[in-house]
Amino acid sequence: MALDYFQAMGGTRVHDPSRIVLALDHYAPAPTRQTALLHERMRDFAARYGILLWEVGEGIGHQLIVETGRALPGGLAVGADSHAVTYGALNTFATGIGSSDLAAIFVSGEIWLRVPESIRVTLTGELPRGVYAKDAALALAKELGADGANYQSLEFAGEGIGCLELEDRLAIANLAIEMGAKNGIFPADEKTFAYLGTARGEPAEADGDAHYNREIRIALDRLTPMVALPHQPDRGIAVGETLRVPVRMVYLGTCTGGRVRDYHQALAVLKAAGGVAPGVQLVVTPASRVVLEALARDGTLAQLIAMGAVIQTPGCGSCCGTCGAIPGDGVNVISTANRNFKGRMGNGEASIYLASPASCAAAAARGEIADPREFLA
Amino acid sequence: VIYRARVILGKPRDDINTDYVVASRRKRDSLDPLVLRQYLFEEIAPEFAASVEPGDVIVAGRNFGCGSAMEVAVTAVLGAGIHAVLARSFSRTYYRNAVNNGLRPVNCDTARIREGDRLRIEEGVMNETTCERIAAQPLPEVMHRIIEAGGLVAYFRRYGGFGGA
């Protein structure tokens with residue numbers, strides 16, 4: 001881990017502790033003695049060098065970066081996790097790095113980065129009822145493929161952006177890495193500034209004569225609910241094209257789909273459909289404690305619990321099999337997450353499908369993959 | 001030095017993600033490369049870990065190391081005595097992590113490399129089995145310096161930061 005590299009580099013001081021945060025999110029709560037010891041080392045390191053540390057249960061680091069207003073328009077952020085690209089929703093140039101690069105930043109405050117070429121993704125129209133940002137992201141992943149944007153930046157443009165709430169943009173930017181992109185960046189607009197409150201940053205925008213490697217147009221109004229088939233996020237097909245796929249676990253959470261709006265969209269479908277089908281395990285892992293508290297306050301949490309939902313500690317949860325519920329052999333899971341690699345949730349004998357919170361809820365209600373529009377009048 | 005080609009899944013496969021190199025769940029018990037090496041490619045090629053020998057090199061298709069940026073997907077490979085990965089292309093995080101740890105990422109056309117081929121890796125790749133010379137994309141200057149130093153730790157110990165060289 002980064003602390004080992006820091007030590008090996010001969011690090012004795014941290015360059016600027018105020019610009020670093022550590023999050024205990026991947027093993028929350030620690031599922032093994034070894035991971036508990038890693039947490040202890042991180043706590044000691046944070047205390048020793050005066051670095052802010054987000055404790056077990058506070059949530060996924062990416063969500064906390066966004067919630068606490070640390071990702072600003074025009075800023076540069078790197079995270080030792082590939083889903084750091086999420087902050088592109090706030091016009092931050094953000095990308096994932098490994099532990100050694102992170103340690104180098106601890107020591108020197110510096111990183112080297114190559115300026116990537118760009119792909120412009122123009123969004124037009126407005127998402128129809130029952131179709132969500134996740135569907136747009138899966139459609140884009142299908143179009144580009146798992147390495148279609150490798151070493152390039154996705155620049156989102158077009159009037160369609162105005163109709164997307166900030167949480168929608170977070171879900172789309174989050175999936176940029178599943179197309180290999182170094183970053184997926186949205187322009188800053190009124191919604192960005194409304195979300196940030198007083199913080200403004202220095203918004204970055206494309207030069208008028210910018211050159212793009214490729215131009216892609218996505219007509220939001222023509223999209224339909226999508227599901228990514230096992231075992232790659234770019235294997236999207238229309239939900240309507242799936243043939244009676246029985247589902248035994250439904251996962252609502254992660255840095256893609258674990259925010260308040262996501263749970264509201266899922267609950268709306270579940271209520272309209274009359275709850276969770278027998279034999280389906282509904283697992284809820286809010287992206288942060290702030291999300292969990294909001295769901296508790298507005299009654300969403302109580303309703304999900306009444307439907308039989310299992311509530312896990314805010315954090316990365318079951319997404320990458322590092323902690324939390326693990327699906328059994330032969331089980332089909334439908335999840336709001338970003339990755340469905342074989343074994344991703346801790347069991348290579350399970351199959352993971354990716355979809356929007358509403359489509360996941362529709363599957364939970366029906367016991368098989370279903371189109372959420374059937375339940376939304 | 002002659003290396004032995006290990007073509008994951010028989011022919012160079014695209015999109016081998018880092019979870020396939022080492023499953024995230026294995027990190028619950030250890031981050032030690034010598035422990036994690038026994039789980040290399042367990043989801044997609046479970047026979048690989050038992051048969052790997054020092055001096056093997058991994059051969060894959062496009063987008064090797066996509067997905068998570070976890071660095072154990074590099075250190076576990078090194079832990080098995082593997083010094084290079086040959087692929088048609090790499091994800092950017094795997095490429096960086098490899099260089100930072102002194103694992104040589106060789107960006108080249110791998111289509112005609114077969115399991116067990118004997119390879120010499122210099123500026124390009126010489127397949128001694130088929131007598132084919134394969135051109136490789138050179139590393140960017142900064143990465144070349146890092147890998148020449150033996151990785152980012154060695155580089156920082158020598159120069160104290162990125163500025164030194």
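**Quick word on the overall build of chain B**
1) Next: Looking only at helices and strands, chain B features 7 helices and 8 strands.
2) Next: Since a compact globule built from 165 residues should have a radius of gyration of about 15 Å, the 15 Å found for chain B is in line with a globular shape.
3) Next: For chain B, with 165 residues in total, the buried portion stands at 59%.
4) Next: A separation threshold of at least 6 residues defines the contact pool for chain B, and within that pool the share at least 24 residues apart is 64%.
5) Next: Entry remark: accessible area of chain B is about 6600 Å², with carbon and sulfur atoms responsible for 47%.

**As for the sheet that holds strand E8 (residues 136–137) of chain B**
1) Next: Within the open sheet, the 8 strands sit side by side as E7-E6-E5-E1-E2-E3-E4-E8 (chain B). Their pairing is mixed. Edge positions in the sheet fall to strand E7 (132–134) and E8 of chain B, since each of these pairs with one other strand and no more.

**Some words on the interface of chain A and chain B**
1) Next: Contacts between chain A and chain B engage 47 residues on the former and 35 residues on the latter.
2) Next: Counting the surface lost from both chain A and chain B, the interface buries some 3500 Å², and carbon and sulfur atoms represent 53% of this.
3) Next: Where Arg344 of chain A meets Asp19 of chain B, a salt bridge forms, and the shortest distance between an N and an O atom there is 2.8 Å.
4) Next: Along the contact surface separating chain A from chain B lie 21 residue pairs in polar contact (both at pLDDT 80 or more).
5) Next: Secondary structure elements with two or more residues in the side of chain A that touches chain B: helix H1 (2–8), helix H2 (33–49), strand E4 (93–96) and helix H4 (99–108) of chain A.
6) Next: Per-element tally for the side of chain A that touches chain B: the top contributor is H4 of chain A, with 6 residues.
7) Next: Taken together, the residues of the side of chain A that touches chain B sort by class into 19 nonpolar, 21 polar and 7 charged.

**Structural notes on the confidence of the model for chain B**
1) Next: Here chain B averages 96 in pLDDT, and 99% of its residues register 70 or above.
2) Next: At the level of chain-chain contacts, confidence expressed as ipTM amounts to 0.97, with global pTM at 0.98.

**Side note on the pairing of strand E3 (residues 84–87) of chain B**
Residues and elements named next belong to chain B.
1) Next: Of the two faces of E3, the one lined by Ala84 and Leu86 and the one lined by Val85 and Ala87 are each fully buried.
2) Next: Taken together, the 2 bridges between strand E2 (residues 56–59) and E3 define a ladder with parallel strand orientation. Considered in E3, the bridge of Val59 is made with Leu86.
3) Next: At this point the chain moves from E2, through helix H4 (residues 72–79), to the parallel E3, and the crossover so formed is right-handed.
4) Next: One ladder, built from 4 bridges, connects E3 with strand E4 (residues 104–108); its direction is parallel. Among the inter-strand pairings, Ala84 is bridged to a residue of E4, identified as Arg104.
5) Next: A crossover links E3 with its parallel partner E4, the connecting element being helix H5 (residues 92–101), and its sense is right-handed.

**Comments concerning the pattern of salt bridges**
Any two side chains of opposite charge can pair, so long as their charged atoms come close to each other.
1) Next: Counted under the stated rule, the structure contains 29 salt bridges over all chains.
2) Next: In this structure, Glu374 of chain A and Arg366 of chain A form a salt bridge, with 3.0 Å as the shortest nitrogen-oxygen distance.

**Section: the sheet that holds strand E5 (residues 117–124) of chain A**
All names here are of chain A.
1) Next: The strand order across the open sheet formed by 4 strands is E7-E6-E5-E8, and the pairing between neighbours is parallel. Across the chains shown, the open sheet's two edge strands, defined by having one partner strand only, are strand E7 (183–185) and strand E8 (214–219). Along the sheet, successive strands turn relative to each other by an average axial angle of 20 degrees, direction set aside.
2) Next: Sheet topology note: the strand E6 (residues 152–157)/E7 ladder contains 3 bridges and is parallel. Each residue of the ladder has a partner; that of Ser153, found in E7, is Asn183.

**What about unusual backbone geometry?**
1) Next: In this structure, Pro29 of chain A follows Ala28 of chain A across a cis peptide bond, with omega equal to -5 degrees.
2) Next: Looking at the secondary structure, you find Pro29 of chain A in the loop between strand E1 (21–23) and H2.
3) Next: In this model, Pro230 of chain A is joined to His231 of chain A through a cis peptide bond whose omega is 0 degrees.
4) Next: Here His231 of chain A shows up in the loop between strand E9 (226–228) and strand E10 (236–238).
5) Next: The backbone of Leu9 of chain B sits at a positive phi, close to 70 degrees, despite the residue not being glycine.
6) Next: Here Leu9 of chain B is to be found in the loop between strand E1 (2–7) and helix H1 (18–21).
7) Next: Take Leu9 of chain B: its relative accessible area is 35%, and that puts it in the partly exposed class.
8) Next: Within the chain, Phe41 of chain B stands out as a residue other than glycine whose phi angle is a positive 55 degrees.

**So, the nonpolar core**
1) Next: Counting 65 residues, the largest nonpolar core has Phe41, Phe64 and Tyr94 of chain B as the members making the most contacts within it.
2) Next: Counting residues per element, this core draws most heavily on H4 of chain A, which supplies 6 residues.
3) Next: Discounting chain neighbours no more than four positions away, the residues touching Phe64 of chain B are Ile16, Val21, Phe41, Ile58, Val85, Ala87, Ser89, Phe90, Ser91 and Tyr94 of chain B.

Cut-offs and rules
- Along every chain, residues carry numbers that run from 1 in the direction the sequence is written.
- Chain labels run from A onward and ligand labels from 1 onward, assigned in the order the entries are written.
- For this predicted model, a pLDDT threshold of at least 70 governs which residues receive local features, and a threshold of 80 or more governs which side-chain atom pairs are given and counted, while totals over whole chains, interfaces and linings are taken from all residues.
- As a rule here, side-chain values cover all heavy atoms of the structure and leave hydrogens and water aside.
- Strands here are runs of E lasting at least two residues and helices are runs of H or I lasting at least four, both read from the DSSP assignment and numbered beginning at the N terminus.
- We compute the radius of gyration from the C-alpha atoms alone; for a globule the expected value is 2.2 Å times N to the 0.38, where N is the number of residues.
- Burial classes follow relative accessibility: with a 1.4 Å probe on protein chains only, a residue under 20% of its type's maximum area counts as buried, one over 50% as exposed, and anything between as partly exposed.
- In what follows, residue pairs with any heavy atoms lying within 4.5 Å of each other are defined as contacts.
- Here the open area of atoms and residues is found with the Shrake-Rupley method and a 1.4 Å probe, where only the protein chains shown may cover a residue.
- When DSSP finds two or more bridges between a pair of strands, those strands are recorded as paired.
- Buried area: the sum, over both parts, of the accessible surface (1.4 Å probe) that disappears when the two are put together.
- For salt bridges, the criterion is a side-chain nitrogen of Lys or Arg within 4 Å of an Asp or Glu carboxyl oxygen.
- Counting of polar contacts relies on pairs of N or O atoms within 3.5 Å, with two restrictions inside protein: one atom must be capable of donating a hydrogen and the other of accepting it, and residues adjacent in sequence are counted only when both atoms are side-chain atoms.
- When residues are sorted by character, Ala, Val, Leu, Ile, Met, Phe, Trp, Tyr, Cys and Pro go into the nonpolar class, Asp, Glu, Lys and Arg into the charged class, and all the rest, Gly among them, into the polar class.
- A residue's pLDDT is the confidence the predictor assigns to it, expressed on a 0 to 100 scale.
- The definition of a right-handed crossover adopted here requires that, viewed with the strands pointing away, the path from the first strand over the helix to the second runs clockwise.
- Helix axes are fitted only over the stretch in contact, all axes being lines through C-alpha atoms; the angle between N-to-C directions runs from 0 to 180 degrees.
- Take the buried residues of types Ala, Val, Leu, Ile, Met, Phe, Trp, Tyr and Cys, join any two whose side-chain atoms come within 4.5 Å, and each joined set is a nonpolar core.

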